[in-house]
Amino acid sequence: MHYPDTKLPKVGTTIFTVMSQLANEAGAINLSQGFPDFDGPEFLRKRVAHYIEHGANQYAPMTGIPALREAIANKTERLYGRNTCAESEVTVTSGATEALFAAIAAVVQAGDEVIVFDPAYDSYEPAIELNGGRAVHLALPPPSFNIDFEQLKAAISDRTRMIIINSPHNPTGAVLSAQDLDTLAEIVRDSDILLLSDEVYEHIAFDGQPHQSLLRHDELAARSFVVSSFGKTFHTTGWKVGYCVAPAPLSAEFRKVHQYLTFSTVTPVQLALADMLNEQPEHYLELPEFYQQKRDLFCELMAGSRFTFEKTAGTYFQLMDYSAISDLPDTEFCRWLTTEAGVAAIPISVFSESPMDTRLVRFCFAKSDETLRAAAAKLCEI
Ligand code: PMP
Ligand code: GLN
C-alpha cells in the first residue's frame, strides 16, 4: 500500500501544541498558547449546565440557534451600527477556525490568490491551499506592524480573490484605524475582491480605541466575511463556538460549506451564549478594561526585566524583544526560555513566510495575576 502524498507539505504540528507540550514537560509557566487560566462567567457556565440537564442535547439548526443569531445581530447593531439579518446573514460555527475555513472554501477556486499579512495566524494558509488557492504573503513591518497599503496595491492581480485581515492582530497586537478601513475600501472599490476579517479579539482593544470592525463600514461590509469567537470573549476557548457575519449571498455560499463541514454547533452552549449576550452584556463591554489591567500589570512587572517592549494595542498577547538577552533565533530562544527559565512563549517567526530578522516573542497575559507575577519574577531574573 502506498499512502498518498501529503496535501500540506509545509504543515507540521502547530506551534501552539508544540510549545504547550514543552511547557507541560518542563513544568514551565505556560504563557505560550493563547488561553485563559481562569474560568468563564459563572452565569454562563450555569446556563450550559441547565440546558444540558433540560434536554437541549440534540442537533441545533444548521445555521445556529435562532436566539443566538438574534443576540449576535443585536450586538452587531449596538456596537457597530450595522443592521444585520439574523436569518440570512449570521451563521454560528464550531469556533472561528471553522468559520475561517468555511469562508475560504466557499469562495476560493483553483488558481485564486489570497493575500495574507505576515505574521499571519497559522490556520489561513492551509485552508487556502486545501482549496486550490495560493497565499500571497505581505509583511507587516515592525515595530508598528501596520499594513503597507502601497505594497498591498502592488500585490493585487487579476487572480486576487480575497484579502484576509486580522484586527486586533495576533500575534502583534496591532489594530486597524478607521482611516485604514477607508484606504482599504479605496483599494478594493473597483474590483470583485472579497475580504475575510478575523475579529476574534474584537472585545480586546485598549486605551479607549474603539475596535474598527469591518461591519462599521458600509462599503467593506458589503464584500466581507466577518468572523469572531466566543472563546476569547467569554474565557472559554475549549467550547469552540464562533460565528460569521456576511451579506446574504456570501452567507448562502458559506452555509453550503458549513453544512457539510460540521453541519451544526453544540446546542446547549449556543443556548447559554444567547442568554449571556442578552442578560449580561456588561461582560463584553467591560472586557477591554479587564484585559487592559492585566496588560498593564504584566508590563509593569516586566519593566524590571531586560526585555524591551511597547504596550500592545489589542489582543491578550504582548510582544517582547529579547535582543538584550540573547542572539538565539526566536524558536531556539523559546525552547531555552521554557526549559531553562521556566516560562513558555511563542516565537513569532513561525507565522511568516520570510521572517524578518527580529528577536521577538509573544507572551499571553490572559492569566491570573498570580500567574503573571510568578512568570514575571522568573523573566526578570534572566
Ligand atoms: N483567529 C485568531 C487570530 C486566533 O487567535 C484564534 C484563536 N486561537 C482563532 C482565529 C481561532 O478561534 P477559535 O478558537 O474560536 O477557533
Ligand atoms: N489562537 C491561540 C493562540 O494564538 C491558539 C489556538 C490553537 O491552539 N490552535 O495562541
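Scope of this entry: the structure provided in the associated data block. Predicted, not measured: the structure shown is a model, and the values here were computed from it.

1. Section: the nonpolar core
Piece 1. Among the nonpolar cores identified, the biggest contains 120 residues, and Phe225, Phe307 and Phe363 are the most heavily contacted of them.
Piece 2. Among the elements that make up this core, the one with the highest residue count is helix H5 (residues 95–107) (eight residues).
Piece 3. Look past the residues within four positions of Phe363 in its chain and what remains in contact with it is Leu31, Phe298, Phe307, Tyr316, Phe317, Gln318, Met320, Leu337, Val343, Ala344, Ala345 and Leu379.

2. A few points about the site of ligand 1
Piece 1. Residues in contact with ligand 1 amount to 13 residues; listed here are only the nearest, Thr97, Asp198, Tyr201, Ser229 and Lys232.
Piece 2. A distance of 2.6 Å is found between an oxygen atom of ligand 1 and a side-chain nitrogen or oxygen belonging to Ser229.
Piece 3. Within the side chain of Lys240, one N or O atom sits 2.7 Å away from an oxygen atom of ligand 1.
Piece 4. In isolation ligand 1 exposes 400 Å². Once the protein is present, 92% of that is buried.
Piece 5. Per element, the largest residue contribution to the shell around ligand 1 is four residues, and it comes from H5.

3. Here we look at the pairing of strand S9 (residues 317–321)
Piece 1. Within S9, four of the five residues are buried, which leaves it mostly tucked inside the rest of the structure.
Piece 2. Across five bridges, the pairing between S9 and strand S12 (residues 360–364) is antiparallel. Within S12, the residue paired with Leu319 across the bridge is Arg362.

4. Focus on unusual backbone geometry
Peptide bonds are trans in most cases, and residues, glycine excluded, mostly fall at negative phi.
Piece 1. Between Ser167 and Pro168 the backbone carries a cis peptide bond, its omega angle lying at -15°.
Piece 2. Looking along the chain, the bond that leaves Asn170 and enters Pro171 is cis, with omega of 15°.
Piece 3. Tracing the backbone through its elements, the reader meets Pro171 in the loop between strand S5 (160–166) and helix H8 (178–188).
Piece 4. The backbone of Phe145 shows a phi angle near 60°, a positive value even though the residue is not glycine.
Piece 5. If you trace the backbone, Phe145 turns up in the loop between strand S4 (134–139) and helix H7 (149–155).

5. Thoughts on H8
Piece 1. Listed as buried for H8 are Asp180, Leu181, Thr183, Leu184, Ala185, Ile187 and Val188.
Piece 2. On its buried face, H8 sits against H7, S5, strand S6 (194–198) and helix H9 (218–221).

6. Focus on the sheet that holds strand S8 (residues 242–245)
Piece 1. Pairing is mixed across the open sheet formed by seven strands, whose spatial order is S2-S8-S7-S6-S5-S3-S4. The sheet is open, and its two borders are formed by strand S2 (90–93) and S4, each paired with just one other strand. When the angles between neighbouring strand axes are averaged without regard to direction, this sheet yields 20°.
Piece 2. Note: strand S3 (residues 113–118) against S4, six bridges, orientation parallel. Bridged to Val116 within S4 is His137.
Piece 3. In this fold helix H11 (residues 248–261) packs onto S2, S6, strand S7 (224–229) and S8, with an angle of close to 25° to the strand it touches most, S2.

7. Things to note about the site of ligand 2
Piece 1. Every residue close to ligand 2 is listed here: Phe16, Gln33, Gly34, Tyr121, Asn170, Lys232, Phe317 and Arg362.
Piece 2. Separating an oxygen atom of ligand 2 from a backbone N or O atom of Gly34 is a distance of 2.6 Å.
Piece 3. At a separation of 3.3 Å, a nitrogen atom of ligand 2 approaches a polar side-chain atom of Tyr121.
Piece 4. Summarising the interface, the protein chains cover 80% of the accessible area of ligand 2, which totals 300 Å² for the free molecule.
Piece 5. Of the residues contributing to the shell around ligand 2, the split by class is three nonpolar, three polar and two charged.

8. Points about the packing of aromatic side chains
Piece 1. Per the counting criterion, the structure on display carries 19 aromatic pairs.
Piece 2. Taken together, Phe38, Tyr201, Phe290, Tyr291, Tyr316 and Phe317 form an aromatic cluster joined through their ring pairs.
Piece 3. Across from the ring centre of Phe317, 3.5 Å away, lies the NZ or CZ of Arg362, which sits over that ring.
Piece 4. The ring of Phe35 has Lys367 lying over it, and the distance from NZ or CZ to the ring centre is 4.0 Å.

9. A few points about the sheet that holds strand S11 (residues 346–347)
Piece 1. Taken in spatial order, the three strands of this open sheet run S9-S12-S11, and their pairing is antiparallel. A single partner strand is all that each edge strand has here, and the edge strands are S9 and S11.
Piece 2. The pairing of S11 with S12 spans two bridges and is classified as antiparallel. Looking across to S12, one finds that Pro347 is bridged to Val361.

10. Regarding the pattern of salt bridges
Piece 1. Tallying each qualifying case throughout the model produces 18 salt bridges.
Piece 2. Notably, a salt bridge pairs Arg69 with Glu87, separated by 3.7 Å at the nearest N-O pair. Here Glu87 lies in helix H4 (residues 86–89) and Arg69 lies in helix H3 (residues 66–80), a separation of 18 residues in the sequence.
Piece 3. Here Arg69 falls in the buried class, since its relative accessible area comes to 4%.
Piece 4. A relative accessible area of 55% places Glu87 in the exposed class.
Piece 5. Among the salt bridges present, the one from Glu150 reaches Lys153, with a minimum N-O distance of 3.4 Å. Here Glu150 pairs with Lys153, and both are found in helix H7, just three residues apart, close to one helical turn.
Piece 6. Residues participating in the shared-partner salt-bridge network are Asp207, Arg295, Asp296 and Lys311.

Definitions and limits used
Residues numbered from 1 in each chain as written. Chains lettered and ligands numbered in written order. Predicted model: local features only at pLDDT ≥ 70, side-chain atom pairs only at ≥ 80, totals over all residues. Heavy atoms only, no water. Core = buried A, V, L, I, M, F, W, Y, C linked by side-chain atoms within 4.5 Å. Buried < 20%, exposed > 50% of the residue type's maximum accessible area, 1.4 Å probe, protein only. Helix = DSSP H or I, 4+ residues; strand = E, 2+ residues; numbered from the N terminus. Contact = heavy atoms within 4.5 Å. Near = heavy atom within 4 Å. Polar contact = N/O pair within 3.5 Å; in protein donor to acceptor, adjacent residues only side chain to side chain. Areas by Shrake-Rupley, 256 points an atom, 1.4 Å probe, with all protein chains shown as cover. Pairing = 2+ DSSP bridges. Axes fitted to C-alpha atoms, helices over the stretch in contact; angles between N-to-C directions. Nonpolar A, V, L, I, M, F, W, Y, C, P; charged D, E, K, R; others polar. Phe/Tyr/Trp six-rings, centres within 6.5 Å; stacked < 30°, edge-to-face > 60°. Lys NZ or Arg CZ within 6 Å of the ring centre and 35° of its normal. Salt bridge = Lys/Arg side-chain N within 4 Å of Asp/Glu carboxyl O.

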